[in-house]
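# A structural walkthrough
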Amino acid sequence: MPHTGHILHGRYAVVSCHVERPLDDEVWRRFTALQERPPGGFAIAALMRPPAEDEDRELWLERAREARELGPFGLHTHWTAPDHARPTGGDPAALVREQGAWLRSVDLQPTVFCGGGWYFDRDVAAAVAELGCADCTATAFRPHYLAADAPHLQLAEPTWLELGDGRRLLELPTTHSIGMLARGMLAPYRRQVVHAYFHDTDLLDRVRSSALRAGLGFLGLKRTPSDLDELQRGFRPEKTMSFANSRA
Ligand SMILES: [Zn+2]
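None of these values were measured; they are calculated from a predicted model.

## Notes on the packing of helix α1 (residues 25-36) against helix α2 (residues 57-70)
For the pair α1 and α2, interaxial distance at closest approach is 10 Å and the crossing angle is 20°. Overall, the two elements α1 and α2 adopt an arrangement that is roughly parallel. Where α1 crosses over α2, the handedness of that crossing is left-handed. Across the interface between the two elements, D25, W28, T32, Q35 and E36 from α1 touch R63, E66, A67 and L70 from α2. For the contact of α1 with α2, the class distribution of residues is three nonpolar, two polar and four charged.

Written out as C-alpha cells, the structure reads:
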C-alpha cells in the first residue's frame, strides 16, 4: 500500500461488498474467492449483515473472522429483515448500537458502516461515530427505488459530517455500482476517490460477476488501489458539512 500513515493526495479507488447472505455456502465461496484474488488488487471490504435470530451465529462469526483477514471489516445493518434492508419503524440508531455492541463483545470491531437500503439519518450518524467507524452509506447517485423524501444522504466526495458537540464522522460515499463501473470503462472518472460496491449475491449471476471483474480490473489500472481502512488512516477530505440539524 502506498503512503500508509501519511496524507493521501493521489486519485484512489476502494471497493466494498454488501454481504447479504453470509450463511449461503455458494455465495460465501464465491465472495471468499474474490477477496482472496481480487481483480485490480483491491482489498475488498466485507460489509456484513449480522445474523438474524434464527440464523447460525457460530458459522457467521467464523466467516466474519475469515473475511476480516482479507480486507476491511464493516457493519451492514438490515433494519427490518435479512431481505428487507430499510427500517419500517422503531429506532434505527438503537439497532446500530445494539449490533455494534454485539460485534465488540465477540471481538469483531467494525471499522466501516453502511446502512441497508442506503438509510441514513443524524441519529444513525451519531451511533456510527460512537462505534468508531467511518460511514459509506452516502451515495453519489440517487438510488432509483427511493422516494424523493426518503432519508438518504447524497454526496459525491469524501466529507467530514459535523454532528454537533464537536463530533464529526468521516463519510466515504459509495460512488459506483457494477453498472456504473462498466459505463465508466468508456469515460474518465472525475472524482478523487472512486468507491465501487457490489452485493455478494451478484456473484451468483455470471453476467454481473464478469462485469464486476472486468470493471475492477480496469479501475485498478486507472486509479491507485486503496481500501476503506487506508483511506481512514491517511485521507483528509477538504469538504465539511453540518449534519447536526439536517434530516438526510
Ligand atoms: Zn444489504
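Right, picking up where we left off after that structure.
## Observations concerning α1
For α1, which comprises twelve residues, the first-to-last C-alpha distance of 16 Å matches the rise-based estimate of 16 Å (1.5 Å per residue) to within 8%. Listing the buried residues of α1 in full gives V27, W28, F31, T32, L34 and Q35. The buried side chains of α1 occupy one side of the element, clustering within an arc of 160° when seen end-on. Pointing more than 90 degrees away from the buried face of α1 are the exposed residues D25 and R29. The N-terminus of α1 is capped by D24, whose side-chain oxygen sits 3.1 Å from the backbone nitrogen of E26.

## Concerning the nonpolar core
With 50 residues, the main nonpolar core has F31, M48, W60, V124 and F198 as its most contacted residues. The element contributing the most residues to this core is helix α3 (residues 92-105), with five residues. Among residues more than four places away in sequence, those in contact with W60 are P22, L23, M48, R49, P50, P51, F73, W102, L103 and L108.

## As for the layout of surface pockets
In this model, the largest pocket occupies a volume close to 310 Å³. Taken together, 15 residues form the lining of the largest pocket, with P51, A52, L95, E98 and Q99 sitting closest to its centre. Counting residues per element, the lining of the largest pocket draws most heavily on α3, at four residues. Here the residues of the lining of the largest pocket sort into eight nonpolar, three polar and four charged. Estimates place the volume of the second largest pocket at around 240 Å³. Lining the second largest pocket are 18 residues, with W118, P143, Y145, Y197 and H199 sitting closest to its centre.

## A word on the environment of A140
With respect to the helices, strands and loops of the structure, A140 is situated in the loop between β5 (134-135) and β6 (159-164). Each C-alpha atom of the pair A140 and L153 lies 8.7 Å from the other, and the pair is 13 residues apart in sequence. Ignoring anything within four residues of it in the chain, the contact list for A140 reads Q154, L155, A156, T174, T175 and R191.

## Structural notes on the coordination of the zinc ion
Angles at a metal have ideal values that depend on geometry: 109.5 degrees with four tetrahedral donors, 90 or 180 degrees with six octahedral donors. Around the zinc ion, the protein supplies E20 (OE), E20 (OE), H76 (NE2) and H78 (NE2) as donor atoms, at distances of 2.0 to 2.7 Å. For the zinc ion, the four donor atoms are set out with angles of 52 to 139° between them, so the coordination reads as irregular. Mapped onto the sequence, the donors of the zinc ion take the spacing E-x55-H-x1-H. Residue E20 is found in the loop between β1 (12-19) and α1, and its partner H78 is found in the loop between β3 (73-77) and α3; the two are separated by 58 residues along the sequence.

What counts and what doesn't
Residues numbered from 1 in each chain as written. Predicted model: local features only at pLDDT ≥ 70, side-chain atom pairs only at ≥ 80, totals over all residues. Heavy atoms only, no water. Axes fitted to C-alpha atoms, helices over the stretch in contact; angles between N-to-C directions. Helix = DSSP H or I, 4+ residues; strand = E, 2+ residues; numbered from the N terminus. Parallel < 35°, antiparallel > 145°, perpendicular 65-115°, else oblique. Left-handed = near helix turned anticlockwise from the far one by under 90°. Contact = heavy atoms within 4.5 Å. Nonpolar A, V, L, I, M, F, W, Y, C, P; charged D, E, K, R; others polar. Expected span 1.5 Å × (residues − 1). Buried < 20%, exposed > 50% of the residue type's maximum accessible area, 1.4 Å probe, protein only. Arc of directions from axis to C-beta. Polar contact = N/O pair within 3.5 Å; in protein donor to acceptor, adjacent residues only side chain to side chain. Core = buried A, V, L, I, M, F, W, Y, C linked by side-chain atoms within 4.5 Å. 1 Å grid on protein atoms, 1.4 Å probe; cavity = no way out; pocket = protein on both sides within 12 Å on 5 of 7 lines; lining within 4 Å. Points joined across faces, edges and corners; volume = space filled by probe spheres on them. Donors = N, O, S within 2.8 Å, 3.2 Å for Na, K, Ca; no water. Tetrahedral: all angles 85-135°; square planar, octahedral: opposite > 155°, others 65-115°.

Coordinates in, geometry out; function isn't part of it.
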